[in-house]
Amino acid sequence: MKVIAGNWKMNGTRNGLKDMVAALQNVETENKVILCVPFTMLGVDGGKVSLGSQDVSTHDHGAYTGEVSAQMISDTGAKYVIVGHSERRQYHNETNDIVRQKVEAALSAGLTPIVCVGETMDEKQAGKTMEIIESGVRESIPNNIDKDIIVAYEPRWAIGAGLTPTTEEIAEAHKLIADTLTSMGLAGTPVLYGASVKGSNAAEIMSIPNVDGVLVGGASLKPDDFIPIITSVK
Ligand code: PEP
């Protein structure tokens, strides 16, 4: 069983989500399918699909205009939240420290965070990929947690760019993440790969050791693109 998570970013409508859910109802799969959608679409009946948000406040409640708390997300029936996506890190200056606070908030409300880590092109070219990934995992995930989390390795330079790292690069990154999680007492945590996943490369990527599923941006928006990814692996 793999985890296939979609990230709709700032796209879609409630009716569009209903159409996607309807299209996915008859898809035969043992994989876990998650759609992380804008806050305004939460509360739609996901059927076989679990819904999640794409961000969460570090705060529980109070005078934080525009923020949405983990409890509020949970109140819609959503089960997941993407935390530390590269676009949040890039456009909203989210650091590993802020991401960790969001992970804590999510866990305390019973949500499963999908924690994103990955290197920029500058970091890659400076030979810092492994360092950024390891510090991303160690600093973004709280110590001593006893609840489920998911980690996503998303090379930031490859997101939405139609680029993917080599099989060896993905394997090396995922092994490092799996080993780091094991050293943190989190062995067995699913680690997803994300960036430019599509129907034509999903099966190959998910056959790489320590790749437990995928986080999909652009190709999760339409059933014709998303379903082949879901059915590419058993
Ligand atoms: C993402 O935004 O998480 C992502 C993986 O995007 P894309 O699949 O479009 O590269």
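Placed above this text is the structure.
What comes next is a walk through the structure. Please read these numbers as outputs of a predicted model, since none were measured by experiment.

### Thoughts on the site of the ligand
Every one of the 13 residues lining the ligand counts as a neighbour, but K9, H85, E154, G160 and S196 are closest to it. Between K9 and the ligand, the recorded distance is 2.6 Å, taken from a side-chain N or O atom to an oxygen atom. With respect to the ligand, the side chain of H85 contributes an N or O atom lying 2.8 Å from an oxygen atom. Here the ligand has 290 Å² of accessible area as a free molecule, and 95% of this is covered by the chains.

### Re the pairing of strand β3 (residues 50-53)
Of the two faces of β3, the one lined by S50 and G52 and the one lined by L51 and S53 are each fully buried. As paired elements, strand β2 (residues 32-36) and β3 share three bridges and run parallel to each other. Of the residues in β3, the one forming a bridge with C36 is G52. Taken together, the two bridges between β3 and strand β4 (residues 80-83) define a ladder with parallel strand orientation. Looking across to β4, one finds that S53 is bridged to V81. Handedness of the crossover joining β3 and β4 through helix α2 (residues 70-75): right-handed.

### Details of helix α9 (residues 223-230)
Since there are 3.6 residues in each turn of an α-helix, residues three or four apart along the chain are aligned in direction. Among the residues of α9, those classed as buried are F226, I229 and I230. Relative to the axis of α9, the buried residues are bounded by an arc of 100° and lie together on one face. Residues of α9 that are buried in the fold lie against β1 (3-7), α1 (14-25), β2, α8 (199-206) and β8 (213-216).

### Some words on the environment of I177
With respect to the element layout, I177 can be found in helix α7 (residues 167-183). We classify I177 as buried; its relative accessible area is 0%. Each C-alpha atom, one on I177 and one on V137, is 7.1 Å from the other, the two residues being 40 residues apart in sequence. I177 has contacts with V117, I133, V137, V151, Y153 and V191, leaving out every residue within four places of it along the chain.

### Remarks on the side chain of D55
Its place among the elements puts D55 in the loop between β3 and α2. Of note is the side chain of D55, whose polar atom sits 2.8 Å from the side chain of K102. Once residues lying within four places of it in the same chain are set aside, the contact partners of D55 are F39, I73, V81, I82, R88, E94 and K102.

### What to know about the sheet that holds strand β5 (residues 112-117)
Sheet architecture is closed into a barrel: eight strands sit in the order β1-β2-β3-β4-β5-β6-β7-β8, paired in parallel fashion. Along the sheet, successive strands turn relative to each other by an average axial angle of 25°, direction set aside. The pairing of strand β6 (residues 150-153) with strand β7 (residues 191-194) spans three bridges and is parallel. Paired with Y153 across the strands is Y193, a residue of β7. The strands touched by α7 are β5, β6 and β7; relative to β7, the strand with the most contacts, the crossing angle is about 150°.

### Structural notes on the pattern of salt bridges
Under the defined criterion, the tally for this structure stands at nine salt bridges. Of the charged contacts, one joins D55 and R88 as a salt bridge, the two residues approaching to 3.1 Å between their closest N and O atoms. Pair noted here: D55 is in the loop between β3 and α2 and R88 is in helix α3 (residues 86-91), with a separation of 33 residues, a long-range link. Under the relative-accessibility criterion, R88 is labelled partly exposed at 22%. The salt bridge partner of D97 is R100, with a shortest N-O separation of 2.7 Å. One end of the pair, D97, and the other, R100, are both in helix α4 (residues 96-108), three residues apart, so they sit about a helical turn from each other. Residue classification places R100 among the partly exposed positions, given a relative accessible area of 25%.

### Describing the state of the cysteines
Put plainly, a disulfide is one covalent bond tying together the sulfur atoms of two cysteines. In this structure the tally under the stated criterion is zero disulfides. The thiol of C36 is not disulfide-bonded; the next cysteine sulfur, from C116, is found 8.9 Å away. What makes C36 buried here is its relative accessible area of 0%.

Cut-offs and rules
- Every chain begins its residue count from 1, and numbering advances along the sequence as written.
- Only residues with pLDDT of at least 70 get local features here, since the model is predicted, and only at 80 or more are side-chain atom pairs given and counted; chain-wide, interface and lining totals rely on the full set of residues.
- Side-chain measures here rest on the full set of heavy atoms in the structure, leaving out hydrogens and waters.
- Throughout this document, a residue counts as near a molecule or strand when at least one of its heavy atoms sits within 4 Å of that molecule or strand.
- Polar contacts, as counted here, are pairs of nitrogen or oxygen atoms within 3.5 Å of one another; within protein the pair requires one atom able to donate a hydrogen and one able to accept it, and residues that are adjacent in sequence qualify only if both atoms are side-chain atoms.
- Method for areas: the Shrake-Rupley scheme with a 1.4 Å probe, in which residue coverage is limited to the protein chains shown.
- Relative accessibility decides the category of a residue: with a 1.4 Å probe and only protein chains considered, values under 20% of the type maximum give buried, values over 50% give exposed, and everything between is partly exposed.
- Labels follow the DSSP assignment, with helices taken as runs of H or I lasting at least four residues and strands as runs of E lasting at least two, numbered in each case from the N terminus.
- Whether two strands pair depends on DSSP finding at least two bridges between them.
- Here, the term right-handed applies to a crossover whose path from the first strand over the helix to the second runs clockwise when the strands point away from the viewer.
- Working definition: the arc comes from the directions between the helix axis and the C-beta atoms, pointing outward to the latter.
- What makes two residues a contact is simply this: any of their non-hydrogen atoms within 4.5 Å.
- Between the N-to-C directions of two axes lies an angle of 0 to 180 degrees, each axis being a line fitted to C-alpha atoms and, for a helix, fitted only over the stretch in contact.
- Any carboxyl oxygen of Asp or Glu within 4 Å of a side-chain nitrogen of Lys or Arg constitutes a salt bridge here.
- Any cysteine sulfur atom paired with another within 2.5 Å is treated as part of a disulfide.

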